[in-house]
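# Per-entry structural report
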Amino acid sequence: MFGTTSNLPPRVDSWLDRPGHHHWLESEGQRLLAFYRASRHPECGFAALDDDGRLPENAVPDTMITARMTHCFALAAMRGEPGAMPLVSHGVAALKGELRDATHGGWYGTRPGPETSTTKQAYIHAFVALAAASAWQAGEEEAEPLLDEIVEIIETRFWDEEEGRLREGFSRDWREDEAYRGGNSNMHATEAFLQLSDVLEEPRWRARALSIVEKIIHDHAEPNGYRVVEHFDSEWNEWREYNRDTPKDPFRPFGATPGHAFEWARLMLHLEGGLLRHGETVPGWLLEDARGLFHCAIELAWNVDGEPGLIYTHDWDNKPVVHERMHWTLAEAAGTAALLLKRTGDAAYEVWYRRLWDYIDRFMIDRERGSWWQELDRHNRPSSEVWSGKPDLYHAYQATLLPRLPISPTLARAIAEGAL
């Protein structure tokens, strides 16, 4: 199987081979899972926690958070975590219930209310697909119709065969198509598609993931010095000035987002591994571009303002725009360094893997209140310029799993097969 040490270059003396490091990752993963059990909303799905790990009285069930929590607790359930499966069932019930549009199909961003949007976003639907696949793989029977429905919605509403990528957003009744195309939503679609290909054993999802990666990374980021272009118009022309006036947007910030470069690189390694595992043609540029993305993001984001850490965004002159350090950026960088080390045996990735976890341990992990700080300022102090509270388990929990898993298959299938 691709991803096992027997089929890969020999590594330097690595943390990845040390039982003590595996124990540390396991302990941190358990700590995160325990903290986020409180995000279970008593009425529907999951919602964002505050800094102390409490669910605010006015907490609103959120579809992205519900999907991410369902995915993570499904992974935990397959690993034998007591109490995880009831949380999976709770998440699936919400995704089949109040978070779903029973009239027009598809999913809202939050439980509908008088002031909430009812638009349908590709980003949200990618996470619904990820959650449905993980829950189904974990044995949640009610996930099967959810999985069938999200696949149909992606097929009939979001996937554009001619463009080879996802369309971005629609009005509630699907009649109005947003005049925007996004790299972020297509990146998470790539993640979902790779998992669908493994869980459902359907190679068309791998082919679609490859199409997305080729068009957004190989055709745009590679010629751009591996700086990932995030925003496009409806004709897929680069839209570099998008959101210049709102650079701290949590999902569509202005400029380039180094954290996404790390994330894309990791997904490309999973894609390469999946293609090799199934004896399919592997473009040589997949590994080359993954390495290019990692090194560019490190160069343009690490310690570029005199303090350790990775900035949120930079402009097209490579100058920092938003200096805040996001927890998810560090989590993705560490996970990608691990996979690049497994794939290449290059000692440089061991250096970065240790450096990134040392930073996370020193600055990101909140050992008093729990979880990780979601955001730090340029001086590595807790901040809330972009994100407030501690809503996210997904990135940090996966970062504790990826170093201990093979490159292929993807997380849900690898855990189901007993890889961890």
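The structure this text deals with has already been given above.
Read on for an overview of the structure. If you're wondering where the values come from, they're calculated on a predicted model, not measured in any experiment. (Residues numbered from 1 in each chain as written. Predicted model: local features only at pLDDT ≥ 70, side-chain atom pairs only at ≥ 80, totals over all residues. Heavy atoms only, no water.)

What follows is about the nonpolar core. Phe 193 and Leu 293 are the most contacted members of the largest nonpolar core, which totals 131 residues. Phe 193 has contacts with Ile 154, Trp 159, Leu 166, Trp 205, Arg 208, Ala 209 and Ile 212, leaving out every residue within four places of it along the chain. Within the second largest apolar cluster, five residues are counted, among which are Tyr 312, Val 322, Met 326 and Trp 328. (Core = buried A, V, L, I, M, F, W, Y, C linked by side-chain atoms within 4.5 Å. Buried < 20%, exposed > 50% of the residue type's maximum accessible area, 1.4 Å probe, protein only. Contact = heavy atoms within 4.5 Å.)

A word on the pattern of salt bridges. This model, assessed by the stated rule, comprises 39 salt bridges. The partner of Glu 26 in a salt bridge is Arg 404, with the nearest N and O atoms 2.7 Å apart. Placement of Glu 26 in helix H1 (residues 19–36) and of Arg 404 in the loop between helix H12 (394–401) and helix H13 (411–416) is noted, with a sequence separation of 378 residues between them. Overall, the relative accessible area of 22% leaves Glu 26 in the partly exposed class. Here Arg 404 falls in the buried class, since its relative accessible area comes to 11%. Salt bridges linked by common partners bring Asp 50, Asp 52, Arg 54 and Arg 369 together as one network. (Salt bridge = Lys/Arg side-chain N within 4 Å of Asp/Glu carboxyl O. Helix = DSSP H or I, 4+ residues; strand = E, 2+ residues; numbered from the N terminus.)

At their nearest, the axes of helix H9 (residues 285–301) and helix H10 (residues 327–344) sit 11 Å apart, and the two run at 140 degrees to each other. Relative to H10, H9 is oriented oblique. Both H9 and H10 take part in a crossing whose hand is left-handed. Within the contact between the two elements, H9 uses Leu 287, Arg 291 and Phe 294 and H10 uses Ala 333, Thr 336, Ala 337, Leu 340, Arg 343 and Thr 344. Partitioning the contact of H9 with H10 into residue classes produces five nonpolar, two polar and two charged. (Axes fitted to C-alpha atoms, helices over the stretch in contact; angles between N-to-C directions. Parallel < 35°, antiparallel > 145°, perpendicular 65-115°, else oblique. Left-handed = near helix turned anticlockwise from the far one by under 90°. Nonpolar A, V, L, I, M, F, W, Y, C, P; charged D, E, K, R; others polar.)

Function-wise, these values are silent; they only describe arrangement.
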